[in-house]
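# Observations on chain architecture
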Amino acid sequence: MFSTNIYINKLLKSFDLILKHTIDNRDDTIILKLVDQLANALKDNHLYDTVTNYIRTNVLNNHLELTDKDAEQQLFCLNLLKCIISIKYNPSFESQVQELILGYLSEDFYSIDSTILCSLVDLITQIQELDEQIRLKIFNLDSVVHFLHPNNKSVYVRNSFKLLLIKHLHEPAMVKLVKSMPEPIKLHNLDIFHTSGLLLTNLESKWELIDLHSIKHYSYMLSYDVESEQVLCQIADNFELHGHYDLAQKFLIYTYESFKGSKDILLKKFFAPFKRRKSQLDPIFKYYIHNLKTFIKFNLINFNMSDHVSISDVFYLLKSLNLKLKFKKSILECLIDYFEIKKNSENNFLSDLNEGIESILKFKLDGELSIELLKLCTLESTQIIEKVCFDKIDLGELQIYVSLSRYMLKSMSVNGIDRLLKKCLSVLFESEDADIKDLIMSLFIELKNYDIFIFNDQIMEKILLLCLAESEAFLRREYLKFLTKFYSIQPNELISEFFCYFLLYDHDWQCQLYCIDYFDQVIDNLIRQKSGHVIPICASLATGIDDADQHVVNACCKILTKLKLSNDFSNLLEKLEKPQSGLVNELKEKSKWLAVGCEESVLVYNLDKFNKVSLPMLEEKMSISSQSSDLYEMNATAILDDIISAYQFDWDDQKALDCY
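Summarised in this report is the structure supplied together with it. (Residues numbered from 1 in each chain as written. Predicted model: local features only at pLDDT ≥ 70, side-chain atom pairs only at ≥ 80, totals over all residues. Heavy atoms only, no water.)

### A word on the side chain of Glu478
- With respect to the element layout, Glu478 can be found in helix H29 (residues 473-489).
- Not counting residues up to four positions away in its chain, the partners in contact with Glu478 are Asp438, Met441, Ser442 and Ile445. (Helix = DSSP H or I, 4+ residues; strand = E, 2+ residues; numbered from the N terminus. Contact = heavy atoms within 4.5 Å.)

### Describing the nonpolar core
- Counting 233 residues, the largest nonpolar core has Phe271, Phe444, Phe455, Phe482, Leu483 and Phe498 as the members making the most contacts within it.
- Residue contacts for Phe271: discarding those within four places in its chain leaves Tyr288, Leu292, Phe295, Phe303, Met305, His308 and Val309. (Core = buried A, V, L, I, M, F, W, Y, C linked by side-chain atoms within 4.5 Å. Buried < 20%, exposed > 50% of the residue type's maximum accessible area, 1.4 Å probe, protein only.)

### A few points about the pattern of salt bridges
- In the structure shown here, the tally under the stated rule is 18 salt bridges.
- The partner of Lys275 in a salt bridge is Asp313, and the shortest N-O contact between them spans 2.6 Å. You can see Lys275 sitting in the loop between helix H17 (264-270) and helix H18 (282-299) and its partner Asp313 sitting in helix H19 (residues 311-319), a full 38 residues away along the chain.
- Among the salt bridges present, the one from Lys590 reaches Glu461, with a minimum N-O distance of 3.0 Å. (Salt bridge = Lys/Arg side-chain N within 4 Å of Asp/Glu carboxyl O.)

### What about the environment of Leu504?
- Inspection of the secondary structure assignment puts Leu504 in helix H30 (residues 496-505).
- Judged by its relative accessible area of 25%, Leu504 is partly exposed.
- Each C-alpha atom, one on Leu504 and one on Phe390, is 40 Å from the other, the two residues being 114 residues apart in sequence.
- Setting aside its immediate chain neighbours within four residues, Leu504 contacts Ser540, Thr543 and Leu603.

### Remarks on the packing of aromatic side chains
- In this structure the tally under the stated criterion is 39 aromatic pairs.
- Pairing Tyr501 with Tyr505 gives two aromatic rings, centres 5.0 Å apart and planes at 50°, and the pair type is tilted. Note that Tyr501 and Tyr505 are positioned in helix H30 at a spacing of four residues, about one turn of the helix.
- Tyr501 sits in the buried class, given a relative accessible area of 1%.
- Members of the aromatic cluster, joined through ring pairs, are Tyr256, Phe270, Phe271, Phe274, Phe285, Tyr288, Phe295, Phe303, Tyr338, Phe339 and Phe349. (Phe/Tyr/Trp six-rings, centres within 6.5 Å; stacked < 30°, edge-to-face > 60°.)

And the structure:
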């Protein structure tokens, strides 16, 4: 595919435009995508030879000119050279590349733009036989200290240089160079020593020089050397005493992971923030929540939290005035994640929590905090929701219990929420609050079954009217999602007319897809029942294949293809009688406001359009609607066409600029 003459010609033209064009108005992401494409394309030998010859002639033979070009052009060349060298070892080509590299390594090469410098170091890392002059420029103490200094503004340059160093650390001269670095530089770059296996002595006394970049490797290396938990805990204390709470917590996580002896004291130390009482808690918990989540994620089976955290600890933190609300909520979220998985082995903790819940709620926690605490309680028992008198609660409290019920439905069957559902329905029909309506509909959607005494015909008609009059598309989606689920469980052939109307007149493609999904679920049953309601469905789907949105076109085509492939269906369709339900007209007469369609909008039951639909037509429409949006994956030359059109645009031509 890549070695065709068309591709090669366009590629070389793109190279010419990139290297000779100096206008700033261009999309550098396209160029990056081109280099990514070439990483695969250059495995073709013919294309590899073509590109390397071009680069020799236009870049390497005039390498001194490259440093004077725009940064974007330099980056393109450096990244392309790295790509070429990584494909195969080519000594003569590599030699020319090293001459280009030397052109960059002047006395003040540290001041090169950091992005270019990073690409330059990456290119040097790819070189197999490194020139001695480059070695002298790069591998000296001043250079190493400059690149690895923590104040180096570009972490990318520092990391790229580390990879270069590590690659050459099998050489004795390089080991000697690295060991001669000043102590602070060593300790800020411990990953070099840890990765390469180089040893450092007396690490426990050097904790003051450790930062977030080196804490992981410091913890691992120290854990291998010491035999006592107390030594490790003392270092954690040292970090804390100097206000480095994040370092202390991360140190405990990494040493717990790597220490080979008993870890009980380390665990106790890590969970100590739960025991804090009088001190300011915010500086500690600012980092602790994230670190706690990390610890739980990787060590879930190795400990029981109830061995280190009590209910009184949790309640104290929730009541504390020394801890911000967002940290309290995060603590509860973290506990929920833990106990969702370990609720069977930690049941006593949850039982104690439920016994003390009334005292903590009397402390008047805010809504968000209350719901997280209630979620935690329901992991042990759902009784808490059965004790609520929903008639008396206000809108804010209702939101808490709706969210709580949704949470409970995900993991268990919730009994006793009938009273909540009735309250929700009354709020749904009376409230103007879109958010609470959205929350209530989400609860209805997540129900596994529907009590027809609660969701009776009168109630369902009201929901249909809400959907018809709802101007917010996101709420119409929720209504339709619920209606499709409800009528799939409680079939009603008359409702098909409602969904046909929405498919034709709703302009939100996601709403239309819910209607099409409903048709897909029910049409086989309607055909078996020889129901006339198949007629408006077919007519609506046939209209849908000309919709402006390709999602809708594709979904309609799939159902129509299935119907057209059935020989019996066409014969059946001719014998069906058109339905006379008039459901939509009845609803429109009762509705005070129409957000979908208008008074004159009517359903067309004419099957002429459906009869004219053919399988080849459907196949063509599905092909167009299913095309990937990523043209670069579909067509290798598309990216070149984009570059050529973008770079050939004349930004100095006022007429062209106005047209653009």
